Amino acid sequence: MRNLLILLLFSSLVTNSQNDLLTEIDTDSTGTEYATAAFKGLKIVNFESTKLVAKKELQFIVSHRFGSIKNGINTFFGLDEAVTRLNFVLGVTDGLNVGVSRSSYLKVYDVSLKYRLLRQEENGFPFTIVGYNSILINTALDKENLPLLEFKHRLGYTAQILISRKVNTDLSLELAPTFFHDNYVVVDAQDNSQFALGFGGRYKLSTRWSLNADYGWHLNRASNSPFKNPLSIGVDLETGGHVFQMHFTNAQPMDANGFLGQGTGDWSDGDIYFGFNLSRQF
Amino acid sequence: MKHLIYLLAFFSLNLVAQSKYITKTGVVNFEASVASFEEVKAMNQSVTAIIETKSGAFAALVLVKGFRFKNALMEEHFNENYAESDQFPKATFKGNLEDFSIDKLSATSIFKMNGSLTFHGKTKKLESIPLKLSREGDFINVSGSFLLNTSDFDIKIPKVVKDKVSETVEVSLNFKLKKT
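Quick summary incoming for the structure in this document. What you are looking at is a predicted structure, and each value in this text was computed from that prediction instead of being measured.

1. Digging into helix α2 (residues 72-82) of chain B
All names here are of chain B. In terms of residue burial, α2 counts as a mostly covered element, since 10 of its 11 residues are buried. Restricting attention to buried positions, one finds in α2 the residues Leu73, Met74, Glu75, Glu76, His77, Phe78, Asn79, Glu80, Asn81 and Tyr82. If you check the start of α2, you find a side-chain oxygen 3.1 Å away from the backbone N of Leu73, and it comes from Asn71. Phi turns positive one or two residues past the end of α2, at Glu84, with a value near 45°.

This is the structure we're talking about:
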């Protein structure tokens, strides 16, 4: 007992003189830490990412997909046939976004809702889960060609669950089970209700550059459908308030129903499109 | 004899305990704004700091992810592109207040602080930083500010934002440390 006490006395004196003040206040966290910035852009390439616009902020995204590069100099590698999508996304809260867009591809308007259900935590829940819904209005359908056309045929719907994981600082992956429905489909044999599974990821090359790719696996495409699953590969460049995303993809449309259901390009033929998404934060 | 040792043991523990002042809610601000551009500044309100009054030793720990900016995008860029807080989650300071004595704290007094600041994996020696200290019952207030250069911490500001983000950063601190 006595020896123990002497030991205690000495050890306390020793620690007193040697103890590093810093180690006494060392702490790792002030509470739950969320994994941040799994993706830089609101989209990976074509698929929505799990990133949301922050509260009271407005993001404007201009996207272009040029025509197929297959026709070479004749269309200046697709520049002559570019389609454009203008998209505004407003952060209602940090976890709820509302967006509107207009695309020159089939003159599609869309209204979308994106909402975060769960966030990836450091040493906690392993995924970020975000829901995405949109309604699309195809205003290009023409009554002269389709005499029985009613307004409802112009409508399409998308419902997506986006599940992402920031594996480490550089690598983030995403899975996107998707249901979409078009009231009018071009191919008769095609079910109006369609299912797809999206895969996406980004790998950071440096603090400002990243390599991105996504792929949409259509699960019930009609056997005689001319359309192809979309595969897209590109890079993100971030500079202050902007994110530039430049990529090659085999789908020219930019909304989910379009690029999943009606992508016509084919990587094996070199029938692909150059495109970019450019976002600006306000 | 046994009692004496008891007494000594407690006394020594007591001494350790009584000479330290700690806070876990210290405030550190920094600002790297350039006039007439959007302000670039952030505040961290959960800084831990400690003073050992016998020796004047001083230490502080800042969790880099705890800095709050006026908008979320700026905060993300700070963590992702500049501070790389996934890799370097902590900023620390370790140093000494010159000629410190608790008895001098009856009125507000200025002490010079020397030590080393570690941030973004780089350590920089700071010398003769004037800090204002005052004592209020069981509390010691510490405040002050100093300038740092981003280059000292290997933080590069890319050309495209060079006009908008200053390479000289003003850091200010405000701690209210409680006797333990």
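2. Digging into the environment of Ser225(A)
Examined against the element boundaries, Ser225(A) turns out to sit in the loop between β9 (209-218) and β10 (231-239). In this structure the side chain of Ser225(A) is engaged in a polar contact, spanning 3.1 Å, whose partner is the backbone nitrogen of Phe227(A).

3. A word on the sheet that holds strand β6 (residues 155-166) of chain A
Taken together, the 12 strands give a closed barrel; going around it, the order is β1-β2-β3-β4-β5-β6-β7-β8-β9-β10-β11-β12 (chain A), and neighbouring strands pair in antiparallel fashion. With direction set aside, neighbouring strand axes in the sheet form an average angle of 20°.

4. Describing the pattern of salt bridges
According to the stated counting rule, one finds 15 salt bridges over all chains in the structure shown. One salt bridge connects Glu80(B) with Lys166(A), and the closest N-O pair in it is separated by 3.2 Å. Of this pair, Glu80(B) sits in helix α2 while Lys166(A) sits in strand β6, which puts the two residues in different chains. We note that Glu80(B), like Lys166(A), is buried. With a closest N to O distance of 2.9 Å, Lys65(B) and Asp86(B) form a salt bridge. Taken as a pair, Lys65(B) in the loop between β3 (57-63) and β4 (68-69) and Asp86(B) in the loop between α2 and β5 (90-97) lie far apart in primary sequence, 21 residues in all. Judged by its relative accessible area of 31%, Asp86(B) falls in the partly exposed class. A cluster of three or more residues bridged by salt bridges with shared partners is formed by Glu122(A), Lys166(A), Lys204(A), Lys65(B), Glu80(B) and Asp86(B).

Analysis parameters
- Residues numbered from 1 in each chain as written.
- Chains lettered and ligands numbered in written order.
- Predicted model: local features only at pLDDT ≥ 70, side-chain atom pairs only at ≥ 80, totals over all residues.
- Heavy atoms only, no water.
- Buried < 20%, exposed > 50% of the residue type's maximum accessible area, 1.4 Å probe, protein only.
- Helix = DSSP H or I, 4+ residues; strand = E, 2+ residues; numbered from the N terminus.
- Polar contact = N/O pair within 3.5 Å; in protein donor to acceptor, adjacent residues only side chain to side chain.
- Pairing = 2+ DSSP bridges.
- Axes fitted to C-alpha atoms, helices over the stretch in contact; angles between N-to-C directions.
- Salt bridge = Lys/Arg side-chain N within 4 Å of Asp/Glu carboxyl O.

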